[in-house]
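Chain residues, written in single-letter form:
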Amino acid sequence: MRKTHEKLINENSTRLDGRKSNQLRPIKIEVGTLSNADGSAYIEQGKNKILAAVYGPKELHPKHRALPDRALLICRYHMAPFSVQERKSPAPSRREIEISKVIREALEPSVFVEYYPRTSIDIFIEVLQADGGTRCSGITVASLALADAGIPMHDLVSACAAGKVDGQLVLDLNDIEDKEGEADLPLALMPNLNAITLIQMDGDLSINEFEQTLNLAKEGCKQIHALQKDALKAKYAAVKEVVEEK
Ligand code: ADP
């Protein structure tokens, strides 16, 4: 691919957006953004802006899709036409269909699906603005929307990529780093259980680099996990205040 920047990391080891190699992008999370969904959350991670909504557990239509022993998770990841610089077609692309599948598989191990046989849990992820790593931010925010819907879970799922850019291992790649870097490794983790629910890799890493990149991504997931918990607590602290005022 043609490089738009000669160097993505300067001689002071600073990245184009001013971060050090092991630094996450600034993250802002809100839980309970939408009043009409059963659960919802919103995340800004750098320039990514993503909204997630959850409906369910609810009766599944058509009924023949229902599973006798557990809930069916249905996930739709969608990028808005205005989420990238060149208008994106609103029709689902192959990429969005694939990302919807991997996000569903990353979230499913966290949910006690066996509590709700014959039902569906619908998860909608709307990317309003994209700047690299949207599948990871999408998993992080959707996991919070599931928790906000009151669905019992083993742990929150936290997701973050690490990779290699200009020969250096870096955390939480943005769009340019994702496209022009050497490797990208998106990871989703249930940090309390140390259980990985998604791992993908694009590009080339030696075995040694792979191990270091994996550990870097795990550390990123743990930091995001703490922010997720804070965002959940902030919502329920606000609810408690309103109840106490009444
Ligand atoms: P992820 O967002 O999980 O990193 P990709 O690696 O497929 O997924 O995409 C990297 C980035 O490329 C996206 O976050 C987005 O910024 C950009 N991108 C994806 N699809 C398009 C598109 N159709 N047009 C322009 N940019 C896109």
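Scope of this entry: the structure provided in the associated data block. (Residues numbered from 1 in each chain as written. Predicted model: local features only at pLDDT ≥ 70, side-chain atom pairs only at ≥ 80, totals over all residues. Heavy atoms only, no water.)

Some details on helix H1 (residues 94–107)
To keep things clear, this is the line we draw: Only DSSP runs of H or I with at least four residues qualify as helices, and only runs of E with at least two residues qualify as strands; both kinds are numbered from the N terminus onward. In this analysis, the expected span of each helix is defined as 1.5 Å times one less than the number of residues it contains. Classification of residues uses two cut-offs on accessible area relative to the type maximum, computed with a 1.4 Å probe and protein chains only: under 20% is buried, over 50% is exposed, and between them is partly exposed. Only heavy atoms enter the contact rule, under which two residues are in contact if any of them lie within 4.5 Å.
Its 14 residues give H1 an end-to-end C-alpha distance of 20 Å, which sits within 8% of 20 Å, the value for a rise of 1.5 Å per residue. Within the sequence span of H1, burial applies to Glu96, Ile99, Ser100, Val102, Ile103, Ala106 and Leu107. On its buried side, H1 packs onto strand S4 (72–79), strand S5 (119–129), helix H2 (134–148), strand S8 (183–190) and strand S9 (195–199).

So, the site of the ligand
Formally: Throughout this document, a residue counts as near a molecule or strand when at least one of its heavy atoms sits within 4 Å of that molecule or strand. As used in this structure description, the phrase polar contact means that two N or O atoms lie within 3.5 Å; if the pair is within protein, one of them must be able to donate a hydrogen and the other to accept it, and residues adjacent in sequence are counted only when both atoms belong to side chains. Every accessible area reported is derived by Shrake-Rupley at a probe size of 1.4 Å, with residue values counting cover from the shown protein chains alone.
With respect to spatial proximity, 13 residues lie near the ligand, and among them Arg95, Gly132, Gly133, Thr134 and Arg135 are the closest. Contact between the ligand and glycine 132: an oxygen atom at 2.8 Å from a main-chain N or O atom of the residue. Taking lysine 179, its side chain carries an N or O atom lying 3.0 Å from an oxygen atom of the ligand. For the ligand, the protein covers 75% of the area, taking 530 Å² as the surface of the free molecule. When residues of the shell around the ligand are traced back to their parent elements, those giving at least two are H2 and helix H3 (175–180).

A short note on the packing of H1 against H2
Test applied: Here, axes are lines fitted to C-alpha atoms. For helices the fit covers the stretch in contact, and angles between N-to-C directions go from 0 to 180 degrees. For classification purposes, angles smaller than 35 degrees are called roughly parallel, those larger than 145 roughly antiparallel, those between 65 and 115 roughly perpendicular, and all remaining angles oblique. Handedness of a crossing follows from how the near helix is turned relative to the far one, being left-handed for an anticlockwise turn of less than a right angle and right-handed for a clockwise one.
Contact geometry of H1 with H2 gives a least axis separation of 10 Å together with a crossing angle of 45°. When the axis of H1 is compared with that of H2, the two are oblique. For the pair H1 and H2, the sense of crossing is right-handed. Seen from H1, the contacting residues are Arg95, Glu98, Ile99, Ile103, Ala106 and Leu107; seen from H2, they are Thr134, Arg135, Ile139, Ala142, Ser143 and Leu146.

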